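Residue-level structural notes
Listed below are the residues making up each chain.
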2 protein chains.
Amino acid sequence: MNGAESLVTTFLQSGVEVCFANPGTSEMHFVAALDQHPDMRCVLCLFEGGASGAADGYYRMTGRVAATMLHLAPGFGNAYANLHNARKAGSGIVNVMGDHATHHMRHESPLKGDTAGISAAISQWARSAQSAGDVARDGAAAITAARSRGGQIATLILPADTAWGEAEGPVVAADPPALHHPSPDQIASAAAVLTGGNAALLISGPALCEPLLTRAGQIAAATGAQLMSPLQVPRLSRGADRAQVALQPYVVEQNLAAHATLEAVVLCGAHPPVNFFAYPGKPSVPTPPGCAIHDLCLPGMDVGWVLEALADHLGLAQDAPFDAAALDLPDLPTGAMDLDKIADAITALLPEQAIVVNEAVTSAAPILTATETARAHDLLVTTGGAIGQCLPVATGAAVACPDRPVIAMSGDGSAMYTLQSLWTMARERLDVTVLIFANRGYQILRGELTNVGVESVGRNAIRMLDVDDPLLDWVALAEGHGVPGRRATTTDAFVEAMQEALATPGPHLIEIVL
Amino acid sequence: MNGAESLVTTFLQSGVEVCFANPGTSEMHFVAALDQHPDMRCVLCLFEGGASGAADGYYRMTGRVAATMLHLAPGFGNAYANLHNARKAGSGIVNVMGDHATHHMRHESPLKGDTAGISAAISQWARSAQSAGDVARDGAAAITAARSRGGQIATLILPADTAWGEAEGPVVAADPPALHHPSPDQIASAAAVLTGGNAALLISGPALCEPLLTRAGQIAAATGAQLMSPLQVPRLSRGADRAQVALQPYVVEQNLAAHATLEAVVLCGAHPPVNFFAYPGKPSVPTPPGCAIHDLCLPGMDVGWVLEALADHLGLAQDAPFDAAALDLPDLPTGAMDLDKIADAITALLPEQAIVVNEAVTSAAPILTATETARAHDLLVTTGGAIGQCLPVATGAAVACPDRPVIAMSGDGSAMYTLQSLWTMARERLDVTVLIFANRGYQILRGELTNVGVESVGRNAIRMLDVDDPLLDWVALAEGHGVPGRRATTTDAFVEAMQEALATPGPHLIEIVL
């Protein structure tokens with residue numbers, strides 16, 4: 001077999017069974033090898049950011065590493081933004097980036113680029129295969145790296161001659177190294193802090209999902225600590241019967257208020273609290289001076305071990321009480337449409353076990369509040385602030401969970417970045433309901449402009465923040481990609497469109513005109 | 001004034017008057033500063049690859065540096081592919097990438113990314129401003145760098161506090177250093193090689209445009225050398241009365257044949273000949289063993305000086321003869337549609353001084369042949385092999401040349417990468433006729449798969465190369481972006497649509513169903 005086939009078989013024998021792909025000239029041997037192995041599910045994305053975001057969504061819902069196939073340097077560049085989001089989410093991904101044959105690299109060919117440089121600018125592990133005989137071993141190492149520290153970005157650069165050259169058989173990826181965890185003394189100390197009053201347990205990563213979320217809720221209930229998480233949750237189990245978690249607000253003043261009385265924050269799977277962005281004269285962190293940050297368990301450490309150890313230390317039974325949300329569904333709204341009505345409609349209609357992907361940057365607040373009491377669902381958020389993540393992550397989540405409905409909520413400005421994912425949803429018959437909140441501009445930036453002290457805006461600012469001349473027609477954009485689209489300008493129309501979309505398999509798009 | 005305003009005024013006073021923008025949270029002070037200066041033309045792109053490609057097209061048509069405004073790390077990643085193409089084109093661009101305030105960088109905020117790493121992976125000059133007082137000087141240095149060596153990618157990273165902090169006035173950019181040129185002895189030696197028989201003068205960069213192209217043609221005619229250029233021309237003046245240049249073929253066998261009898265190649269603005277890609281058992285370079293490569297003038301050197309020096313050495317008058325194309329327009333075709341008919345229609349209808357942007361990868365060959373005798377026009381090609389360049393470059397070319405019609409020819413697979421540029425064409429009322437060659441797949445990769453020895457393809461390969469399930473509807477995609485669209489399935493329909501698009505100001509899209 002050749003190097004490419006040794007890599008495909010290494011993937012399959014190591015449990016990597018999905019490849020989100022956007023191949024180019026330099027990946028043809030890998031395509032040919034995949035073609036020999038129909039047990040590898042290949043999902044074509046018409047833009048590389050769709051592939052990297054889909055691999056992220058797939059990992060968030062399964063905890064399993066998918067592969068991406070990306071064209072050399074520029075193709076990887078196209079994938080970069082959603083690799084950034086994936087890295088912030090702690091998702092494990094193995095990128096396969098083609099490259100020129102090693103003997104071709106000395107020449108100035110059009111596609112020659114800095115494959116090592118761009119992969120190093122985002123990957124936690126990167127390697128360029130040196131020979132065909134190394135490819136299986138390198139691929140296995142990439143898988144192990146992607147599974148390490150709870151999930152990492154690993155990039156294997158595959159020069160064309162290492163793909164076409166003669167190789168031996170596959171290599172099964174070794175298990176990742178055991179996750180680090182703190183000492184029992186640190187557990188005892190953290191438990192004392194949590195019970196000491198005015199403390200928060202700040203969770204992220206695996207602590208946001210069942211069964212660990214319930215354990216975190218029990219610890220918070222037993223200690224009296226507040227249960228908090230960053231707003232940018234990779235995957236949060238929420239809704240009826242789930243432990244309630246306070247999401248840190250985006251707006252600095254609100255974030256400061258949310259932390260104002262805290263004297264201690266214990267980290268469990270999360271970084272220390274930080275404001276999303278810095279502003280003149282405002283602090284970088286939301287915690288008050290003197291608030292102690294206890295880095296009990298940083299991202300990449302053994303969150304599960306820590307929560308169990310804390311629960312043990314506190315003597316908590318498996319069925320210890322916690323502050324759970326009670327199912328509370330609003331009536332279906334009617335009348336003039338506003339975001340509160342949309343929020344009620346979504347909450348009332350959200351199916352059990354739905355997957356909600358949120359990038360409706362300025363429209364989401366009432367929806368996030370209302371759905372706290374919806375049927376149990378998972379919430380996936382743009383983790384790295386790089387917009388254009390929603391449709392790709394929804395695609396990957398739907399590939400991962402074909403039996404669960406996916407609701408993708410995106411602002412119009414955000415959705416434009418990676419709208420090509422609509423086609424992949426149609427191609428793969430994914431059950432995704434895409435909600436486009438058409439406020440016709442980058443509304444978040446209007447707020448940011450105010451935040452930096454601009455009170456009146458002129459032509460240049462308006463022309464850079466508004467997307468209303470011409471108006472985007474999302475029904476046409478959806479149908480251009482093969483996805484049925486509807487426009488909702490009234491509450492009744494939205495409710496009807498949402499009911500129809502949820503009742504009908506396959507993707508649908510609803511443009512909500514705000 | 002603050003740092004951001006010192007940068008905007010530095011740009012304006014240094015002659016940088018267009019900014020292709022896709023701002024985010026970290027660029028708000030720069031947006032506010034631009035808002036104070038309506039003499040800076042801000043062109044909003046709904047995806048960063050549209051901004052970098054537009055700046056490339058603007059430079060190719062004007063030789064003037066434009067600015068881009070890009071969001072920190074992920075936004076720059078989105079711009080990367082077309083910065084790659086721009087670098088290969090030798091285009092000068094100043095990228096302004098925002099970043100977190102310097103005091104915020106120590107925290108793990110969602111958007112924190114490797115701004116230095118990703119900018120270094122593509123820029124020929126990159127710097128992160130250290131303080132507000134440095135921004136004007138750094139911006140001026142970036143402009144000078146972008147204008148150096150015939151055009152470079154320069155990236156200025158602008159931490160938020162260097163944008164909002166107090167600064168002094170603007171700095172006018174210094175002239176770039178003089179371009180290098182070879183010695184008179186090397187000119188004499190090159191002239192002897194060119195007249196020695198079986199030689200080619202391989203030109204690129206400024207040598208492809210008037211008035212240098214005519215000079216190159218005169219030198220070729222006087223010496224008997226063949227006038228050649230790489231297929232990936234940044235901008236080639238061609239059509240009636242223009243010097244005829246042989247474009248190096250893409251297909252390896254054809255490229256080898258085109259060089260088979262050459263004993264010497266003299267470089268003038270071009271790199272040594274190289275095949276686009278390497279294949280097992282095929283050579284990397286198209287020139288035969290023993291063919292001498294004379295690096296008289298590499299890219300970034302003084303191409304104009306070299307051509308004048310060669311012409312002087314050869315005693316060529318300004319009106320010396322050269323092998324020019326004669327105007328030869330075909331009749332308007334009719335009947336069943338094929339690529340030859342399309343080529344005839346485009347050739348017959350192409351307006352004088354049209355700008356043709358070509359990324360119709362597998363469909364373009366007959367059009368490029370036919371338009372050799374069309375009315376005089378400029379041809380802009382995807383220079384770095386990173387597809388998704390056509391619509392952005394067409395956008396920038398149309399901004400640069402509002403009085404010249406732009407014809408953007410793209411494959412459907414390629415156009416999908418950066419289709420958001422359609423909206424900018426509509427917003428700016430750009431006179432662009434977009435031709436989508438809908439072969440419903442990555443046809444170039446079908447050929448590449450054959451090139452690597454695959455004879456029959458299975459489900460995985462078909463599913464990665466075909467874009468036909470569902471079909472893309474380019475008329476809907478165009479109209480979703482605010483651009484009128486038509487579909488042509490017959491020759492007559494194409495001719496009529498093309499006539500209407502050329503006669504009506506503003507953008508139009510024609511989907512050519514192959």
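Residues numbered from 1 in each chain as written. Chains lettered and ligands numbered in written order. Predicted model: local features only at pLDDT ≥ 70, side-chain atom pairs only at ≥ 80, totals over all residues. Heavy atoms only, no water.

Listed as interface residues are 102 residues of chain B and, on the opposing side, 102 residues of chain A. When chain B packs against chain A, the two sides together hide about 8300 Å² of surface, and 64% of this comes from carbon and sulfur. For the pair chain B and chain A, the interface holds four salt bridges. A salt bridge links A:Glu428 to B:Arg463, with the nearest nitrogen and oxygen atoms 3.3 Å apart. (Contact = heavy atoms within 4.5 Å. Buried area = accessible area lost by both parts, 1.4 Å probe. Salt bridge = Lys/Arg side-chain N within 4 Å of Asp/Glu carboxyl O.)

Glancing now at helix H12 (residues 339-349) of chain A. Residues and elements named next belong to chain A. Those residues of H12 not exposed but buried are Ile342, Ala343, Ala345, Ile346, Thr347, Ala348 and Leu349. Along its buried surface, H12 packs onto helix H13 (365-370), strand S15 (406-411), strand S16 (432-438), helix H20 (491-503) and strand S18 (508-513). Capping the start of H12, Asp338 holds a side-chain oxygen 3.1 Å from the backbone nitrogen of Asp340, two or three residues further along. (Buried < 20%, exposed > 50% of the residue type's maximum accessible area, 1.4 Å probe, protein only. Helix = DSSP H or I, 4+ residues; strand = E, 2+ residues; numbered from the N terminus. Polar contact = N/O pair within 3.5 Å; in protein donor to acceptor, adjacent residues only side chain to side chain.)

Time to look at the sheet that holds strand S1 (residues 18-22) of chain B. Residue and element names in this part refer to chain B. With respect to topology, six strands assemble into an open sheet ordered S2-S1-S3-S4-S6-S5, the strand pairing being parallel. Each of the sheet's edge strands pairs with one partner strand only, and the pair in question is strand S2 (41-44) and strand S5 (125-128). Each strand of the sheet is rotated relative to its neighbour by a mean of 20°, with strand direction disregarded. Examined bridge by bridge, strand S4 (residues 93-99) and strand S6 (residues 153-159) share seven bridges and lie parallel to one another. Following the sheet pairing, Ile93 is matched in S6 by Ile153. Where helix H2 (residues 28-35) meets the sheet, its contacts fall on S1, S2, strand S3 (66-70), S4 and S6, and the angle it forms with S3 comes to roughly 140°. (Pairing = 2+ DSSP bridges. Axes fitted to C-alpha atoms, helices over the stretch in contact; angles between N-to-C directions.)

Residues and elements named next belong to chain A. In space, the six strands of this open sheet follow the order S2-S1-S3-S4-S6-S5, with parallel pairing throughout. The open sheet has two edge strands, strand S2 (41-44) and strand S5 (125-128), and neither has a second partner. On average, each strand axis in the sheet is tilted by 20° relative to the strand beside it, whichever way the strands run. Examined bridge by bridge, strand S1 (residues 18-22) and strand S3 (residues 66-70) share four bridges and lie parallel to one another. Its bridge partner being in S3, Phe20 is matched across the sheet by Thr68. Where helix H1 (residues 3-13) meets the sheet, its contacts fall on S3, strand S4 (93-99) and strand S6 (153-159), and the angle it forms with S4 comes to roughly 175°.

Residue and element names in this part refer to chain B. Here Thr382 lies in the loop between strand S14 (377-381) and helix H14 (390-400). On the basis of relative accessible area, Thr382 is assigned to the buried category, the value being 9%. A distance of 2.5 Å separates polar atoms of two side chains, one belonging to Thr382 and the other to Glu359. In terms of polar contacts, Thr382 uses its side chain to reach the side chain of Gln389, at 3.1 Å. When near neighbours in sequence (up to four residues on either side) are disregarded, Thr382 contacts Asn85, Gln232, Asn358, Glu359 and Gln389.

What follows deals with the packing of helix H3 (residues 48-62) of chain B against helix H4 (residues 74-89) of chain B. All names here are of chain B. Where H3 meets H4, the axes come as close as 6 Å, and the angle between the chain directions of the two elements is 20°. When the axes of H3 and H4 are compared, the pair comes out roughly parallel. The crossing of H3 and H4 is right-handed. Contacts between H3 and H4 pair Glu48, Gly49, Ser52, Gly53, Asp56 and Arg60 from the former with Gly75, Asn78, Ala79, Asn82, Leu83, Asn85, Ala86 and Ala89 from the latter. (Parallel < 35°, antiparallel > 145°, perpendicular 65-115°, else oblique. Left-handed = near helix turned anticlockwise from the far one by under 90°.)

Put simply, the second copy of the chain is the first one after a rotation about an axis and a shift along it. Overlay of chain B on chain A (RMSD 0.0 Å): rotation 180°, translation along the axis 0.0 Å. The two molecules are tied by a two-fold rotation axis, judged by turn and shift. Interface overlap between copies is the fraction of interface residues in one copy that are interface residues in the other; for chain B against chain A it reaches 100%, indicating a shared surface. (Least-squares fit on C-alpha atoms with pLDDT ≥ 70 in both.)

Looking now at the side chain of B:Asn358. All names here are of chain B. As for its placement among the helices and strands, Asn358 is situated in strand S13 (residues 354-359). In terms of polar contacts, Asn358 uses its side chain to reach the backbone amide nitrogen of Ala360, at 2.9 Å. Those residues in contact with Asn358, other than ones at most four positions away along the chain, are Ala364, Leu368, Leu379, Leu380, Val381, Thr382 and Met409.

Quick look at the pairing of S4(B) now. Residue and element names in this part refer to chain B. In terms of residue burial, S4 counts as a mostly covered element, since seven of its seven residues are buried. A two-sided burial pattern is seen for S4, the buried positions comprising Ile93, Asn95, Met97 and Asp99 on one face and Val94, Val96 and Gly98 on the other. The pairing of S3 with S4 spans five bridges and is classified as parallel. Note that in S4 the partner of Leu70 across the bridge is Met97. The β-α-β motif built from S3, the intervening H4 and the parallel element S4 has right-handed crossover chirality. (Right-handed = clockwise from strand over helix to strand, strands pointing away.)

As a further point, take the nonpolar core. The biggest cluster of nonpolar side chains holds 226 residues, and the ones touching the most others in it are A:Phe20 and B:Phe20. Not counting residues within four places of it along the chain, the set of residues in contact with A:Phe20 comprises A:Val43, A:Cys45, A:Ala51, A:Ala54, A:Ala55, A:Tyr58, A:Ala66, A:Ala67, A:Thr68, A:Met69, A:Gly396 and A:Val399. (Core = buried A, V, L, I, M, F, W, Y, C linked by side-chain atoms within 4.5 Å.)

All names here are of chain A. Structurally, Gly53 is set in helix H3 (residues 48-62). The sequence separation of Gly53 and Ala145 amounts to 92 residues, and the corresponding C-alpha distance is 19 Å. With residues up to four places along the chain from it excluded, the contact list for Gly53 reads Asn82, Pro392 and Val393.

Turning to the packing of aromatic side chains, a few remarks are in order. Under the defined criterion, the tally for this structure stands at eleven aromatic pairs over all chains. Measuring from ring centre to ring centre gives 5.5 Å for A:Phe277 and A:Tyr279, while their planes differ by 80°; the resulting arrangement is edge-to-face. Here B:Phe20 and B:Tyr58 contribute two aromatic rings whose centre-to-centre distance is 6.1 Å and whose plane-to-plane angle is 70°, an arrangement assigned as edge-to-face. With B:Phe20 in strand S1 and B:Tyr58 in helix H3, this residue pair connects regions lying 38 residues apart in the sequence. (Phe/Tyr/Trp six-rings, centres within 6.5 Å; stacked < 30°, edge-to-face > 60°.)

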